[in-house]
Amino acid sequence: DTEDGDNFPIHVAIYQGKPGYVLVVAGKGYTERCYMGDLMGSAAEAVGLSGIIIDGYVRDKVGLSQLSIPIYAKGLMQRSPAKRGPGEINTVVTCAGVKVTPGDLIVGDYDGVTVVPRDRIEEVLAAAEKKDAYEAKRRETIAEYVKCKNEQKPLPDLAPAWVTEMITKK
């Protein structure tokens, strides 16, 4: 937990980090300074962190893009961070409006970041596997539809059953 572009607590968190950890920085969306750049990102990668999420800005776009560690931020800002401290480390924070507790599962991809509370990880993973299976089946159905269309064969139903059910209920 830090504010006003102060990256001292981020330094401490990186150097105390462990491989596989994700660093979540509750920077309160500060827009006047960045919180980190490619040197801190490189250090986090060297430590073995799995990712960094910052409710604030970063700098050194090219350098950060060359790292293998994913870094999510609100945007880019060239102005240097401040160093005041002490901040808080390994505590419950609110990052971009989302409560994050140490031990929560953090998952990120090109669409963004999701926080899964530790006590719901199994439930969420089961639901994600179910959703993934549904989406795989939908992709097969769409591909079959396109194939039949291209071959000028009779078209199979394209709409999912839930859509058809909702239409018939109205």
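Predicted model only: the values in this text are computed from it and were never measured.

Calculation criteria
Residues numbered from 1 in each chain as written. Predicted model: local features only at pLDDT ≥ 70, side-chain atom pairs only at ≥ 80, totals over all residues. Heavy atoms only, no water. Salt bridge = Lys/Arg side-chain N within 4 Å of Asp/Glu carboxyl O. Helix = DSSP H or I, 4+ residues; strand = E, 2+ residues; numbered from the N terminus. Buried < 20%, exposed > 50% of the residue type's maximum accessible area, 1.4 Å probe, protein only. Axes fitted to C-alpha atoms, helices over the stretch in contact; angles between N-to-C directions. Parallel < 35°, antiparallel > 145°, perpendicular 65-115°, else oblique. Left-handed = near helix turned anticlockwise from the far one by under 90°. Contact = heavy atoms within 4.5 Å. Nonpolar A, V, L, I, M, F, W, Y, C, P; charged D, E, K, R; others polar. Pairing = 2+ DSSP bridges. Patch = residues over 30% accessible without salt bridge, like charges linked within 9 Å, V, L, I, M, F, W, Y side chains within 5 Å. Areas by Shrake-Rupley, 256 points an atom, 1.4 Å probe, with all protein chains shown as cover.

(A) Geometry of the pattern of salt bridges. What the rule picks out here adds up to five salt bridges. In this structure, Lys74 engages Asp55 in a salt bridge whose closest nitrogen and oxygen atoms are separated by 3.2 Å. With Lys74 in the loop between β5 (71–72) and β6 (75–76) and Asp55 in the loop between β3 (51–54) and β4 (57–58), this residue pair connects regions lying 19 residues apart in the sequence. Of the charged contacts, one joins Glu135 and Lys131 as a salt bridge, the two residues approaching to 3.8 Å between their closest N and O atoms. Residue Glu135 and its partner Lys131 are located together in helix α4 (residues 121–150), separated by four residues, close to a single helical turn. Taking relative accessible area as the criterion, Glu135 reaches 30% and is therefore assigned partly exposed. Judged by relative accessible area, Lys131 falls into the partly exposed class, the value being 46%.

(B) Here's a closer look at the packing of helix α1 (residues 8–16) against helix α2 (residues 38–47). Running from amino to carboxyl end, α1 crosses α2 at an angle of 20 degrees, the nearest separation of the two axes being 8 Å. By the angle class used here, α1 and α2 are roughly parallel. Along this stretch, α1 crosses α2, giving a crossing that reads as left-handed. When α1 is examined against α2, the residues Ile10, His11, Ile14 and Tyr15 are found in contact with a partner set consisting of Met40, Ala43, Ala44 and Val47. Partitioning the contact of α1 with α2 into residue classes produces seven nonpolar, one polar and no charged.

(C) The sheet that holds β3, seen in detail. Strands sit in the order β1-β3-β5 across an open sheet of three strands; the sheet is parallel. Strand pairing shows two members of the sheet lacking a second neighbour, β1 (22–25) and β5, which therefore form its edges. By the bridge criterion, two bridges tie β3 to β5 in an arrangement that is parallel. Counterpart to Ile53 in the pairing with β5 is Tyr72.

(D) Focus on unusual backbone geometry. In this structure, Lys28 takes a positive phi of about 60 degrees despite not being glycine. By the element assignment, Lys28 lies in the loop between β1 and β2 (34–36). At Gln152, a residue that is not glycine, the phi angle is positive and equals roughly 55 degrees. A relative accessible area of 76% places Gln152 in the exposed class.

(E) Highlighting a nonpolar patch on the surface. On the surface, a nonpolar cluster with roughly 330 Å² of combined accessible area is contributed by Tyr134, Trp162 and Met166. Looking at where Tyr134 falls in the secondary structure, it is placed in helix α4. Residue classification places Tyr134 among the partly exposed positions, given a relative accessible area of 34%.

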